[in-house]
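Below are the chains, spelled out letter by letter.
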Amino acid sequence: MDFKRKLKKLIKMPYYFLLSRLNREKYAKKLGVNFGKNCRFYGNIHWNTEPWIITLGNNVHITNEVDFVTHDGATLLFRDREPTLELTRPITIGDNVYIGTRSIILGGVNIGNNVIIGAGSVVTHDIPDNSVAVGVPAKVIKTAEEYFEKAKEQSLGLGHLKYEEKDKALKEYYGYKK
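The sections below set out a description of the structure shown in this document. The structure presented is a predicted model; accordingly, all values stated were derived computationally and were not measured. Residue indices follow the written sequence of each chain, beginning from 1 at its first position. Totals for whole chains, interfaces and linings use all residues, but because this is a predicted model, local features are given only for residues with pLDDT of at least 70 and pairs of side-chain atoms are given and counted only at 80 or more. Note that water and hydrogens are dropped before the side-chain values are worked out from all heavy atoms of the structure.

### So, the nonpolar core
We call a set of buried Ala, Val, Leu, Ile, Met, Phe, Trp, Tyr and Cys residues a nonpolar core when their side-chain atoms join them within 4.5 Å. Buried, partly exposed and exposed residues are distinguished by accessible area as a fraction of the type maximum, computed with a 1.4 Å probe on protein chains only: under 20%, between the cut-offs, and over 50%, respectively. Counting 27 residues, the largest nonpolar core has Trp47, Leu56, Ile62, Phe68 and Ile111 as the members making the most contacts within it. Put simply, the parts of the chain that give this core at least two residues each are α2 (24-31), β3 (54-56), β4 (60-62), β6 (91-93), β7 (97-99) and β10 (115-117). By definition, any uninterrupted DSSP run of H or I lasting at least four residues is a helix, any uninterrupted run of E lasting at least two residues is a strand, and each is numbered from the N terminus.

### Some details on unusual backbone geometry
Residue Val136 is joined to Pro137 through a cis peptide bond whose omega torsion reads -5 degrees. Mapped onto the elements of the fold, Pro137 is located in the loop between β12 (131-134) and β13 (139-143). In the Ramachandran plot, Glu65 falls in the positive-phi region, its phi being about 60 degrees despite a non-glycine side chain. Note that Glu65 resides in the loop between β4 and β5 (67-69). Given a relative accessible area of 30%, Glu65 falls into the partly exposed group.

In C-alpha cells form, the structure reads like this:
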C-alpha cells in the first residue's frame, strides 16, 4: 500500500507544479485553502502541510514567497518523552488584506480586516483591523487610513492602468530608454 501511495503522489507532482505556476488560485483551492472572492496570489506561496486550516477572507493579496506555518515542528524533539505532542493551529485572515513578499504567518494567528503586512514580516500574534504591521516580529506601526493618506500624497497616479500601459508609463516617468 505504501508503494501505491508514493507512486500516486509522484504522478501528481508534475500536475501540481504546473498548476501552482499557471493558476495559483486554483492550486490553492485544490490544496484545501479556504478563501473568499477576489483573492490574488502572486508568485510562489508556501501553504505548508495543513493548508485546509488556512482561511482567507475577500480581497486578499498574497505576494511572492509568503510562508504559512500552521504547525510547530520543534515538537519532534520531544516526541520520545511525549509521543502525542502536536502543536498545529489554524491561520485566519480577514477581508482586504495585503501580505508583502517573504512574510511568514505563524499558526494560531488572526489577521483582521483592512490590514497591510509589510514585506519580510514575521507575524507571531494577532493583528487588529485597520492596521499596518511590519518587522520581526511584526508590530503595528500605523493605521491603514494613515497609510492610505500618505500613499495618496506620494502616488504616481498610474494604478488604474493595465500592465502594459503601466509599464510604459513607468518607463517614461523614470526616463528608461531601451
